[in-house]
Amino acid sequence: MMGAIYKLGNDHPNALKHYLDAKKLIDEFGDRATQGWVCQSIGDLYFDQRMFT
């Protein structure tokens, strides 16, 4: 949730940090639905910043 808030505020480095922290926690719990949402959010963030190749 914090990643989405930072993304809306155009603070992309902090948004990515929070998304990656969330992904690490979700990987430990094995929650696939939330993991999909976080991975999509990370991908959207990379796309918005043109960090894809």
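In what follows, the structure referred to is the one given above.
**Looking at the overall build of the chain**
The secondary structure content of the chain amounts to three helices and zero strands. Beginning at the N terminus, the succession of helices and strands in the chain can be written as α-α-α. The globule rule puts the C-alpha radius of gyration for 53 residues at 10 Å, and the 11 Å found for the chain is close to it. Here the C-alpha coordinates of the chain stretch approximately 30 × 25 × 15 Å along the principal axes. Per-residue burial over the chain gives 21% buried out of 53 residues. Contacts in the chain between residues far apart in sequence, at least 24 positions, make up 30% of those at least 6 positions apart.

**What about helix α3 (residues 32–48)?**
In this model, α3 (17 residues) spans 24 Å end to end at C-alpha, consistent with the 24 Å of a helix rising 1.5 Å per residue. Taken as a whole, α3 has its buried residues at Q35, V38, S41, I42 and L45. The arc that holds every buried residue of α3, seen down its axis, measures 125°, which confines them to one face. Those residues of α3 that are exposed and aimed more than 90 degrees away from the buried face are R32, A33 and Q40. In this structure, the buried side of α3 is in contact with α1 (2–8) and α2 (12–29). A side-chain oxygen of the first residue of α3 lies 3.4 Å from the backbone nitrogen of A33; this N-cap is D31.

**Remarks on the nonpolar core**
Judged by nonpolar contacts, A15, L16, Y19, I26, V38, I42 and L45 together constitute the single largest core of seven residues. Per-element accounting of this core gives the leading share, four residues, to α2. If sequence neighbours within four positions are ignored, I26 has contacts with D31, T34, Q35 and V38.

**Quick word on the pattern of salt bridges**
Considering all chains together, one arrives at three salt bridges under this definition. The partner of K7 in a salt bridge is D48, and the shortest N-O contact between them spans 3.1 Å. With K7 in helix α1 and D48 in helix α3, this residue pair connects regions lying 41 residues apart in the sequence. The class for K7 is partly exposed, based on a relative accessible area of 22%. Its salt-bridge partner being D21, residue K17 comes within 3.1 Å of it at the nearest N-O pair. Of the two residues, K17 and D21 are both situated in helix α2; the distance of four residues between them amounts to about one turn of the helix. For D21, a relative accessible area of 32% corresponds to the partly exposed category.

Criteria and thresholds
- Residues numbered from 1 in each chain as written.
- Predicted model: local features only at pLDDT ≥ 70, side-chain atom pairs only at ≥ 80, totals over all residues.
- Heavy atoms only, no water.
- Helix = DSSP H or I, 4+ residues; strand = E, 2+ residues; numbered from the N terminus.
- Rg over C-alpha atoms; globule rule 2.2 N^0.38 Å.
- Buried < 20%, exposed > 50% of the residue type's maximum accessible area, 1.4 Å probe, protein only.
- Contact = heavy atoms within 4.5 Å.
- Expected span 1.5 Å × (residues − 1).
- Arc of directions from axis to C-beta.
- Polar contact = N/O pair within 3.5 Å; in protein donor to acceptor, adjacent residues only side chain to side chain.
- Core = buried A, V, L, I, M, F, W, Y, C linked by side-chain atoms within 4.5 Å.
- Salt bridge = Lys/Arg side-chain N within 4 Å of Asp/Glu carboxyl O.

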